Amino acid sequence: SIPEEEDLPEDLEARAPIVTVMGHVDHGKTSLLDYIREENVIAGESGGITQHIGAYGVTLKNGQKITFLDTPGHEAFTAMRARGAQVTDLAIIVIAADDDVMPQTKEAISHAQAAGVPIVFAINKVDKPTANPDKVKESLANMDLLVEDWGGKIQSHDISAKTGQGVQELLEKVLLEAELLELKANPDKLANGTVVEAFLDKGRGYVATVLVQAGTMRVGDYMLAGTHSGKVKAMHDERGKAIVAAGPSTPISVLGLDGAPQAGDKFHVFEDEKEAKSIAAKRTQLQREQSVRTQRH
Ligand code: GDP
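Residues numbered from 1 in each chain as written. Predicted model: local features only at pLDDT ≥ 70, side-chain atom pairs only at ≥ 80, totals over all residues. Heavy atoms only, no water.

Engineer: Explain the overall build of the protein to me, please; I cannot follow it from the model alone.
Structural biologist: Helix and strand counts for the protein come out as six helices and 18 strands. In terms of overall size, the protein behaves like a compact globule, its C-alpha atoms giving a radius of gyration of 20 Å where 297 residues would be expected to give roughly 19 Å. Principal-axis analysis of the C-alpha atoms places the extent of the protein at approximately 60 × 55 × 45 Å. Expressed as a percentage of its 297 residues, the buried residues of the protein come to 51%. Excluding contacts between residues fewer than 6 apart, the proportion of contacts in the protein whose partners are at least 24 apart in sequence is 73%. As presented, the protein carries roughly 14,700 Å² of accessible surface, and 48% of it is formed by carbon and sulfur atoms. One way to put it: in the protein the 32 positive side-chain charges average out to a point 7 Å from where the 44 negative ones average out. (Helix = DSSP H or I, 4+ residues; strand = E, 2+ residues; numbered from the N terminus. Rg over C-alpha atoms; globule rule 2.2 N^0.38 Å. Buried < 20%, exposed > 50% of the residue type's maximum accessible area, 1.4 Å probe, protein only. Contact = heavy atoms within 4.5 Å. Areas by Shrake-Rupley, 256 points an atom, 1.4 Å probe, with all protein chains shown as cover. Lys, Arg positive; Asp, Glu negative; His and termini not counted. Charge placed at Lys NZ, Arg CZ, Asp CG, Glu CD.)

What follows is the structure, given as structure tokens:
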């Protein structure tokens, strides 16, 4: 791995929290992510095509920002954690109020706890006549997870991802919880961060969605991601708008890599192209040797 220089406290600036949405299948993860994206990102954009790039940023009415990893389910979270990448600052765990705490809910709770990531519960589908949010909160209490309106410390909010009821309030609670984390990063250095997803596009070549976690990424930078490297030819935000620079907690899609890195791979920007290339080549070589070894065994 690439050694990272320690930042001086005075170089650190506040950054937006990075949030993952998890929960049991059909409890409303996709609906919630879609609702938030449509309300906060597309609104006001005349005819802008929203690209699905696996992550997006929203700015609330009060100007505060949240970055969402738009990969519902636990796959992204677990894949990234398995690769040693800690990307998520906070988890929203969606539980359907017409159902209960289910196996994947418990799994999501343990993932978040194991990663030391605070949880905000979104008790969803409260528009349904059969919804019983209190039953869900009771189940949580039985697991020693006391939410605020049950006298505990864990944030939760009743929402409907369908009508939008309670969603803004949920996001405000997410921001309150995030404030306690005092999230900061140094924007004034070469960028590093994590790959969210990557694929080969017929017309454009390799496209990687990355999350800048520190520093500022610029068009023309030389980057290394996993076993791949390249000069950043172009960067786009989730609206498909070309951008030239991206600071901490910004998700962007990047053109210019010579292959598709894996979700959870770290990326680093280098002063010099040769260095990025030679590390990528060394890693490729190492991978080959390892796969030869595993084939022999
Ligand atoms: P996921 O598997 O967790 O991503 O769940 P989805 O977002 O795909 O939602 C599963 C189903 O529940 C879909 O049919 C949604 O339309 C529905 N759904 C999600 N949220 C709500 C809600 O707040 N109210 C109602 N009535 N239905 C919802």
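Engineer: How should I be thinking about the confidence of the model for the protein in this particular structure?
Structural biologist: Caution applies to low-pLDDT parts of the model: their predicted coordinates are not meant to be read in detail. Of all residues in the protein, 92% attain a pLDDT of 70 or more, and the chain-wide mean is 90. Between residues 43-49, whose pLDDT stays under 50, and residues either more than four places distant or in other chains, the model counts five contacts. Two numbers describe this predicted complex: its pTM, 0.91, and its ipTM, 0.99. (pLDDT = per-residue confidence, 0-100.)

Engineer: In this structure, what is going on with the environment of His 236? I would like to understand it.
Structural biologist: Relative to the helices and strands, His 236 is located in strand β14 (residues 234-236). A C-alpha to C-alpha distance of 5.2 Å links His 236 and Ser 253, two positions 17 residues apart in sequence. In contact with His 236, not counting residues within four places along its chain, are Ile 53, Lys 241, Ala 242, Ile 243, Ile 252, Ser 253 and Leu 255.

Engineer: Is there a simple way to explain unusual backbone geometry in this structure?
Structural biologist: A negative phi holds for most residues other than glycine; trans holds for most peptide bonds. The backbone of Asp 144 shows a phi angle near 65 degrees, a positive value even though the residue is not glycine. Tracing the sequence through the fold places Asp 144 in the loop between α4 (133-142) and β7 (155-158). Residue Asp 144 is classed as exposed on the basis of its relative accessible area, which comes to 72%. Look at Glu 182: it is not a glycine, yet its phi comes out positive at around 45 degrees. Within the secondary structure layout, Glu 182 lies in the loop between α5 (167-179) and β8 (184-185).

Engineer: What should I look at first to understand the pairing of strand β10 (residues 205-214) in this one?
Structural biologist: Each regular strand carries side chains that alternate between the two faces of the sheet. In terms of burial, β10 is a largely internal element, eight of the ten residues being buried. Summarising the sheet, strand β9 (residues 192-201) and β10 pair through nine bridges and their orientation is antiparallel. In the sheet register, Ala 198 faces β10, and the bridge partner there is Ala 208. In this structure, the hairpin formed by β9 and β10 is closed by a connection of three residues. Where β10 meets strand β17 (residues 250-255), six bridges bridge the pair, whose relative direction is antiparallel. Bridge pairing links Val 212 to Thr 250 in β17. (Pairing = 2+ DSSP bridges.)

Engineer: Which parts of the structure should I look at to understand the sheet that holds strand β12 (residues 222-225)?
Structural biologist: Paired through their backbone hydrogen bonds, the strands of a sheet run either parallel or antiparallel. On the basis of which strands lie adjacent, the open sheet formed by eight strands has the order β13-β12-β18-β9-β10-β17-β14-β15 and antiparallel pairing. Here the strands that pair on one side only, and so sit at the sheet edges, are β13 (228-231) and β15 (242-243). Two elements, β12 and strand β18 (residues 266-270), share four bridges in a ladder whose sense is antiparallel. In the sheet register, Met 223 faces β18, and the bridge partner there is Val 269. Along the sheet face, helix α6 (residues 273-296) touches β12, β13 and β18 and points at about 15 degrees away from the line of β12. (Axes fitted to C-alpha atoms, helices over the stretch in contact; angles between N-to-C directions.)

Engineer: Sorry, what's going on with the layout of surface pockets here?
Structural biologist: With a probe scaled to a water molecule rolled over the atoms, the places where space remains empty come into view. Considering only enclosed or pocket space, the largest pocket measures out at about 610 Å³ in volume. In terms of lining, the largest pocket is formed by 28 residues, of which the most central are Ala 16, Lys 65, Ile 66, Thr 67 and Ser 249. Broken down by secondary-structure element, the contributors of at least two residues to the lining of the largest pocket are β3 (55-59), β4 (65-69), α5, β16 (245-246) and β17. Looking at the lining of the largest pocket residue by residue, the classes come out as 13 nonpolar, eight polar and seven charged. (1 Å grid on protein atoms, 1.4 Å probe; cavity = no way out; pocket = protein on both sides within 12 Å on 5 of 7 lines; lining within 4 Å. Points joined across faces, edges and corners; volume = space filled by probe spheres on them. Nonpolar A, V, L, I, M, F, W, Y, C, P; charged D, E, K, R; others polar.)

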